[in-house]
Amino acid sequence: MTAQQKQTLAKLAGRLDLVVELFGRLAAWIGIALVLLVAGNVLVRYFLHTGAIWLQELEWHLIAPIALFGMSYALLNGEPLRVDGLYQRFPVRVRLAIDIVSGLAMALIAALLVKLSIPFVLQSYNMGEGSPNPDGIPHRFLLKGLIPLGFAVLCLQALAETLKAALRLTPSR
C-alpha cells in the first residue's frame, strides 16, 4: 500500500469518526434533555398532582437515541468489549488482526440489522402507528426509524475502526 493510499484511507477513517462524534454529542445532549424531562415530570406529578402521558412517553423515546448512538460513540472512544486479560497478552500484530476481524464482523452484523429493521419501520409508517395511549405520542415510526439509523452509524464506526487497525498493520512503501 502506498503512502498516498494510506493517507486517503486514514482521511476516510477520520471522516467516519467525525460523523460518529457528532452523533455521540447529539446523544449526550439528549441525555441532558432526558434528565431535565424526568426531573420536570417528577416535580409536576408530586407538586401539581398532574402530568401528561406524552411527556412520560417522551422519556423512553429519548432513551433510544442515547443507546443507539452511544454504542458507536463508545466504540469510537475505545470502549469495546473484549477480554482484555487475554487480548493484552497477544503480540501487536495479532491484536490488530483481531481488531480487523471483529470490526468487519461488527460492520456486517450492523449492516444486517439495518436491512432487517427497515421493513419494521416501513410497516409502522404504513400502519400510521402511534401510541396506544389516547394522549400519547403519534408517529411511532419516527422512533423506530432510529433503529436502522443507529446501526448504520455503528456500521460506519466499525468500518472506521477496521480501517485504522488495517493501516497500523500494513507498512508504508
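Above this text is the structure in question.
Below you will find a few notes about this structure. All of these numbers come straight from a predicted model, not from anything done at the bench. (Residues numbered from 1 in each chain as written. Predicted model: local features only at pLDDT ≥ 70, side-chain atom pairs only at ≥ 80, totals over all residues. Heavy atoms only, no water.)

## Details of the environment of Glu21
1) Next: Structurally, Glu21 is set in helix α1 (residues 3-47).
2) Next: Spatially, the C-alpha atoms of Glu21 and Leu76 are 7.7 Å apart, while their sequence positions differ by 55 residues.
3) Next: Ignoring any residue separated from it by four or fewer positions in sequence, one finds Glu21 in contact with Tyr73 and Leu76. (Helix = DSSP H or I, 4+ residues; strand = E, 2+ residues; numbered from the N terminus. Contact = heavy atoms within 4.5 Å.)

## Structural notes on α1
1) Next: If you check α1, its first and last C-alpha atoms are 65 Å apart, about what 45 residues at 1.5 Å a residue would give, namely 66 Å.
2) Next: A positive phi of about 55 degrees marks His49, the residue just after α1. (Expected span 1.5 Å × (residues − 1).)

## Digging into the nonpolar core
1) Next: Leu68, Phe69, Ala110, Leu146, Phe151 and Leu154 are the most contacted members of the largest nonpolar core, which totals 17 residues.
2) Next: Those elements giving two or more residues to this core turn out to be α1, α2 (53-76), α4 (92-127) and α6 (146-169).
3) Next: For Phe69, the contacting residues outside a window of four places in its chain are Phe23, Leu26, Ala27, Leu146, Leu149 and Gly150. (Core = buried A, V, L, I, M, F, W, Y, C linked by side-chain atoms within 4.5 Å. Buried < 20%, exposed > 50% of the residue type's maximum accessible area, 1.4 Å probe, protein only.)

## Some details on the packing of α1 against α6
The description of two helices packed together rests on the angle between their axes and the distance between the axes.
1) Next: Between α1 and α6, whose axes approach to 9 Å, the crossing angle comes to 145 degrees. Judged by the twist between their axes, the crossing of α1 over α6 is left-handed. Contacts between α1 and α6 involve Lys6, Leu9, Ala10, Leu12, Ala13, Leu16, Asp17, Val19, Val20 and Phe23 from the former and Leu149, Val153, Leu156, Gln157, Leu159, Ala160, Glu161, Leu163, Lys164 and Leu167 from the latter.
2) Next: Its residues assigned to classes, the contact of α1 with α6 comprises 15 nonpolar, one polar and four charged. (Axes fitted to C-alpha atoms, helices over the stretch in contact; angles between N-to-C directions. Left-handed = near helix turned anticlockwise from the far one by under 90°. Nonpolar A, V, L, I, M, F, W, Y, C, P; charged D, E, K, R; others polar.)

## Some details on unusual backbone geometry
1) Next: The backbone of His49 shows a phi angle near 55 degrees, a positive value even though the residue is not glycine.
2) Next: Within the secondary structure layout, His49 lies in the loop between α1 and α2.
3) Next: Of the residues examined, His49 reaches a relative accessible area of 68% and is grouped as exposed.
4) Next: A positive phi angle, close to 60 degrees, is found at His139, a residue other than glycine.
5) Next: Take His139: it is sitting in the loop between α4 and α5 (140-144).
6) Next: The exposure class assigned to His139 is partly exposed, which follows from its relative accessible area of 48%.

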